[in-house]
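Structural characterization, general
Here's the letter readout for the chains.
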Amino acid sequence: MKTQELIHLHALLVELRTYVEAEESAPSGAFASYDAQPVRPSHIHRQKEAHKNAVDLLLDGFERVVQSNPPPNYALVA
C-alpha cells in the first residue's frame, strides 16, 4: 500500500471511530493505545511505518468494540 493510501485509510478509520463513539458502542478505553501514540492522519510527513502502526492500533480498538458488542446470531429460515 502506498503512503498516501495508508494516510487516507488512517483518516477513514478515525472517522469511523468518531461514529462508533457517538453511538456509544465503544467500551471505555477501547482506543487508549491509539490515543497514547502521537501520529494522526493530519501528520502527512510522518513515516509510513508510523501510520501503519496507528492503523493497527485503531483496528485493535475496533476489535475490542466488536468483542464487547457481538452482532446478533440470526437463525436461518428455511
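Right above here is the structure, for reference.
Being a predicted model, the structure only gives us computed values, none of them experimental. (Residues numbered from 1 in each chain as written. Predicted model: local features only at pLDDT ≥ 70, side-chain atom pairs only at ≥ 80, totals over all residues. Heavy atoms only, no water.)

**Some words on a negative patch on the surface**
A cluster of acidic residues, Glu49, Asp56, Asp60 and Glu63, forms a negative patch on the protein surface. Within the secondary structure layout, Glu63 lies in helix H3 (residues 48-68). (Patch = residues over 30% accessible without salt bridge, like charges linked within 9 Å, V, L, I, M, F, W, Y side chains within 5 Å. Areas by Shrake-Rupley, 256 points an atom, 1.4 Å probe, with all protein chains shown as cover. Salt bridge = Lys/Arg side-chain N within 4 Å of Asp/Glu carboxyl O. Lys, Arg positive; Asp, Glu negative; His and termini not counted. Charge placed at Lys NZ, Arg CZ, Asp CG, Glu CD. Helix = DSSP H or I, 4+ residues; strand = E, 2+ residues; numbered from the N terminus.)

**Quick look at the nonpolar core**
Of all hydrophobic cores here, the largest spans 12 residues; its members are Leu6, Leu13, Val20, Ala30, Phe31, Tyr34, Ala54, Val55, Leu57, Leu58, Phe62 and Val65. Per-element tally for this core: the top contributor is H3, with six residues. The residues touching Phe31, leaving out its near neighbours within four places in the chain, are Arg17, Glu21, Ala26, Leu58, Gly61, Phe62 and Val65. (Core = buried A, V, L, I, M, F, W, Y, C linked by side-chain atoms within 4.5 Å. Buried < 20%, exposed > 50% of the residue type's maximum accessible area, 1.4 Å probe, protein only. Contact = heavy atoms within 4.5 Å.)

**A word on the side chain of His51**
Examined against the element boundaries, His51 turns out to sit in helix H3. Under the relative-accessibility criterion, His51 is labelled buried at 0%. A polar atom in the side chain of His51 sits 3.0 Å from the side chain of His10. Apart from residues no more than four positions distant in its own chain, His51 is found in contact with Leu6, Ile7, His10, Val39, Arg40, Pro41, His43, Ile44 and Arg46. (Polar contact = N/O pair within 3.5 Å; in protein donor to acceptor, adjacent residues only side chain to side chain.)

**Quick notes on unusual backbone geometry**
At Glu24, a residue that is not glycine, the phi angle is positive and equals roughly 60°. Among the residues examined, Glu24 registers a relative accessible area of 72% and is labelled exposed.

**So, the pattern of salt bridges**
Per the counting criterion, the structure on display carries two salt bridges. For Glu21, the salt bridge is made with Arg17, and the minimal N-O distance between the two is 3.1 Å. Linking Glu21 with Arg17, this pair stays in helix H1 (residues 3-22), spanning four residues, or about one helical turn. Given a relative accessible area of 37%, Glu21 falls into the partly exposed group. For Arg17, a relative accessible area of 12% gives the class buried. We note a salt bridge from Arg17 to Asp35, for which the minimum N-O separation is 2.7 Å. Of this pair, Arg17 sits in helix H1 while Asp35 is found in helix H2 (residues 32-36), placing the two residues 18 residues apart along the sequence.

**A word on H1**
For H1, built from 20 residues, the straight-helix expectation of 28 Å at 1.5 Å per residue is met to within 8% by its first-to-last C-alpha distance of 29 Å. Looking at H1, one finds that the buried residues are Leu6, Ile7, His10, Leu13, Arg17 and Val20. The buried side chains of H1 occupy one side of the element, clustering within an arc of 135° when seen end-on. Exposed residues pointing more than 90 degrees away from the buried face of H1 are listed as Gln4, Glu15 and Ala22. For H1, the secondary structure elements touched by its buried residues are H2 and H3. In the stretch just after H1, Glu24 is the one whose phi turns positive, near 60°. (Expected span 1.5 Å × (residues − 1). Arc of directions from axis to C-beta.)

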